[in-house]
Every structure is written in C-alpha cells, then in structure tokens.
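Reading the structure
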Amino acid sequence: MKRTPEPEELMDEADQARAYAEADFSAANELFLELFAEAHPKDFQGRILDLGCGPADIPLRLARRYPQARIDAVDGAPAMLELAQQAITTEGLDKQINLHCHYLPSPEPAREYQAVVSNSLLHHLNDPLDLWRSIDGCILPGGQVLVMDLLRPETPEQALDLVKEYAADAPEVLRRDFHASLHAAYTLEEVTEQLQTSGLGFLEATRVSDRHLAVRGRMP
Ligand SMILES: C[S@@+](CC[C@H](N)C(=O)[O-])C[C@H]1O[C@@H](n2cnc3c(N)ncnc32)[C@H](O)[C@@H]1O
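Counting starts from 1 at the beginning of each chain's written sequence and moves along it residue by residue. Under the rules for a predicted model, residues below a pLDDT of 70 receive no local features and side-chain atom pairs below 80 are neither given nor counted, while totals for whole chains, interfaces and linings still include all residues. Computation of side-chain values: all heavy atoms of the structure, hydrogens and water removed.

**Some remarks on the pattern of salt bridges**
Stated formally: For this analysis, a salt bridge means a side-chain nitrogen from Lys or Arg found within 4 Å of a carboxyl oxygen belonging to Asp or Glu. Secondary structure counts use DSSP, requiring at least four H or I residues in a row for a helix and at least two E residues in a row for a strand, with both numbered from the N terminus. When a residue's accessible area, from a 1.4 Å probe over protein chains only, is under 20% of the maximum for its type it is buried; when over 50% it is exposed; and in between it is partly exposed.
What the rule picks out here adds up to 14 salt bridges. Among the salt bridges present, the one from Glu-30 reaches Arg-65, with a minimum N-O distance of 3.6 Å. Highlighted residues: Glu-30 in helix H2 (residues 26–39) and Arg-65 in helix H3 (residues 57–65), separated in sequence by 35 residues. Looking at Glu-30, the relative accessible area reads 29%, which means it is partly exposed. Residue class for Arg-65 comes out partly exposed when judged on its relative accessible area of 37%.

Structure follows, in structure tokens:
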C-alpha cells in the first residue's frame, strides 16, 4: 500500500506522550536490546546516542545492561522528555543517561559516539534522510549503527490485523497512533534506497519480526 505520512512529527501532546509511556513495548524493546547485544561486547563502555528516545525505555534498558556505558538521549518533544526524566530519576540513573531536547536534523550532536541507535523515529520524520544524515554526522569511525522501525504492511487489511493482534487492549489513542505509524512506515526497498542516497549503503536493512525492520552495521 502507498505510504501515508504521520499527521505530526513530534509526539508532544501530554495525553499522547503519557499513553505511549505507559504502554508495554517490552517485546519490541527487548528485541532491540538483543540486536544491540549481537554487535557489542558484554562489558561495552562506550558512548551511545539514542535519537528520538521518547520516554527513554530503551536508554534505561541499555543503561541497566551496560552499566559502564554513557548514554545521550535526544527527543524534540518536551512532553516526552519530562516523562523520560521522571523514569530516569526514579531508577537513579541520572549520571548514566543525559537527556537533550533537540529537533532533528539541526543542529547535529558532535561526532563522539561509538554507537548510535534509534527506535521508531524514522517513520515520523518528514524527510527520512534527516535521520541518516544525523547518524553520519555524530558517529565515530568504526562505530555501530542500530535503527529499528516498523515495516509498512502490504495492504490496509494487514495493518488492521497487526493493530488487532498487538494493540487489542490498548487505549484508543495508542491504537490510533499504531495504525497511523504502520501506514507511515517504510518498506525494506525504500530504506535501502535511503541508505544508498545518504552514502550509507554499507549498512544492511533486514526484516527482524512480523512488523519490524532493522538497519545495522559498522561505520568504515
Ligand atoms: C514513536 S516514538 C519512539 C520513542 C522511543 N524511541 C521508543 O522506542 O519508544 C518517536 C519519538 O520521536 C520523536 N521525534 C519525532 N520527530 C522528531 C524530530 N524531528 N527530532 C527529534 N525527535 C523527534 C517524537 O517526539 C517521539 O518521542
């Protein structure tokens, strides 16, 4: 089916941010951690940048698993960052995770990260190349990239089936957002083309679940 962009890039409505923060994304977020673990040693100590961190569930999981890593987490929505800060402070991880209110693509964070990660941001961006350019601008040579996002279903019926399967009991605002996100997501072919256009054709885009793709690889 044809792509329909998200109505809003940022998730800055208080109700929307809270519903998202309270939702259970543990299956997808644990998959993300497994993919990260495949590319990093158990005692990874580098600096990680998370782009579009939302309520910081992934930075928190990374911080617990890699206590020596330092994590910068970026989002353009103050409503999300407020919830992220509460969660980080509750766990006492303020020294390990630093939040930044930053609207991609500009200005870019500095080139100082051994790993740049992002989950479910790509399909939100008006210009998807903003994500690939941002990653290219802040990752160190030899650094690892991990981007995961939804994969656009082939038909509107398949999108509805995924909403039924994975969000049947979720609040209406989340069901609406998940449905819109499936329609806004990219296909593997589109992402591969974005990578080639951005000069990142050495990164590999693969399907990693019935509804997710991942882009992975090491910078030269
Ligand atoms: C679907 S959420 C994903 C949050 C988190 N990464 C996760 O996995 O739960 C997408 C996040 O990207 C943020 N976002 C969208 N466009 C952005 C932009 N141009 N710059 C920075 N953040 C952006 C939204 O505010 C939202 O918090």
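There is more to say, and it comes next.
**Brief notes about the environment of Arg-47**
So the rule is basically this: By the convention used here, residues are in contact when the closest approach between their heavy atoms is within 4.5 Å. Two N or O atoms form a polar contact when they lie within 3.5 Å of each other; inside protein one atom must be a possible hydrogen donor and the other a possible acceptor, and for residues adjacent in sequence the pair counts only when both atoms belong to side chains.
Relative to the assigned elements, Arg-47 resides in strand S1 (residues 47–51). Taking C-alpha positions, Arg-47 is 26 Å from Tyr-20, a pair spaced 27 residues apart along the chain. Dropping the residues within four chain positions of it, Arg-47 is found in contact with Arg-70, Asp-72, Glu-112, Tyr-113, Gln-114 and Ala-115. A distance of 2.7 Å separates the side chain of Arg-47 from the side chain of Asp-72, its partner in a polar contact.

**Some details on the site of the ligand**
Quick note on the threshold: The near set for a molecule or strand comprises every residue that places at least one heavy atom within 4 Å of it. For every accessible area listed, the method is Shrake-Rupley and the probe measures 1.4 Å; residues are considered covered only by the protein chains on display.
As a matter of local geometry, the ligand sits amid 20 residues, with Tyr-20, Gly-52, Asp-75, Leu-104 and Asn-119 nearest to it. Take Gly-76: an N or O atom from its main chain is 3.1 Å from a nitrogen atom of the ligand. Between Leu-104 and the ligand, the recorded distance is 2.9 Å, taken from a backbone N or O atom to a nitrogen atom. Coverage of the ligand by the protein chains reaches 98% of its 600 Å² of free accessible surface.

**As for the sheet that holds strand S5 (residues 139–150)**
Applied cut-off: The rule for pairing is simple: two strands pair if DSSP sees at least two bridges between them. In this analysis an axis means a line fitted to C-alpha atoms, helices contributing only their contacting stretch, and an angle means the value between N-to-C directions, from 0 to 180 degrees.
The strand order across the open sheet formed by seven strands is S3-S2-S1-S4-S5-S7-S6, and the pairing between neighbours is mixed. Across the chains shown, the open sheet's two edge strands, defined by having one partner strand only, are strand S3 (97–101) and strand S6 (204–207). On average, each strand axis in the sheet is inclined to that of its neighbour by 20 degrees, with strand direction left out of account. Where strand S2 (residues 70–75) and S3 come together, five bridges link them in parallel fashion. Along S3, the bridge assignment pairs Asp-75 with Cys-101. On top of the sheet, helix H5 (residues 129–138) reaches S1, strand S4 (113–119), S5 and strand S7 (212–218); it is set at about 155 degrees to S5, its chief contact.

**Remarks on the packing of H2 against H3**
So the rule is basically this: Roughly parallel means an angle under 35 degrees; roughly antiparallel means over 145; roughly perpendicular covers 65 to 115; every other angle is labelled oblique. By definition, any crossing whose near helix is turned counterclockwise from its far helix by less than a right angle is left-handed, and any crossing with a clockwise turn is right-handed. Residues are sorted three ways: Asp, Glu, Lys and Arg are charged, Ala, Val, Leu, Ile, Met, Phe, Trp, Tyr, Cys and Pro are nonpolar, and all the rest, Gly among them, are polar.
At a closest axis distance of 10 Å, the pairing of H2 and H3 adopts a crossing angle of 45 degrees. The angle between the axes of H2 and H3 places the two elements in the oblique class. At the point where H2 passes H3, the crossing takes the right-handed sense. Along its contact with H2, which presents Ser-26, Asn-29, Glu-30, Phe-32, Leu-33, Phe-36 and Ala-37, the element H3 presents Asp-57, Ile-58, Arg-61, Leu-62 and Arg-65. In the contact of H2 with H3, the residues fall into six nonpolar, two polar and four charged.

**Describing the packing of aromatic side chains**
Worth spelling out the cut-off: We call Phe, Tyr and Trp rings a pair once their centres come within 6.5 Å, taking the six-membered ring for Trp, and we label the pair stacked below 30 degrees between planes, edge-to-face above 60, and tilted otherwise. Here, a charge over a ring is recorded when the distance from Lys NZ or Arg CZ to the ring centre is within 6 Å and its angle to the ring normal is within 35 degrees.
Enumeration according to the criterion identifies four aromatic pairs in this entry. Ring centres 5.9 Å apart and planes at 80 degrees place the aromatic pair Phe-36 and Phe-44 in the edge-to-face group. Here the two residues Phe-36 and Phe-44 agree in accessibility, since each one is buried. Judged by its relative accessible area of 9%, Phe-44 falls in the buried class. By the ring-pair criterion, three or more aromatic residues cluster together here, those being Phe-36, Phe-44 and Tyr-66. Above the face of the Tyr-166 ring, Arg-211 is positioned so that its terminal group lies 3.6 Å from the ring centre.

**Focus: the side chain of Glu-9**
Note the following rule: Charged residues are defined here as Lys and Arg on the positive side and Asp and Glu on the negative side; His and the ends of the chain fall outside this count.
The topology assignment puts Glu-9 in the segment before helix H1 (14–22). Buried and without a salt bridge, Glu-9 has Arg-3 as its closest oppositely charged side chain, separated by 8.7 Å. For Glu-9, the side chain forms a polar contact with the main-chain nitrogen of Asn-126, separated by 3.1 Å. Here Glu-9 is in contact with Tyr-103, His-124, Leu-125 and Asn-126, once residues within four sequence places are set aside.

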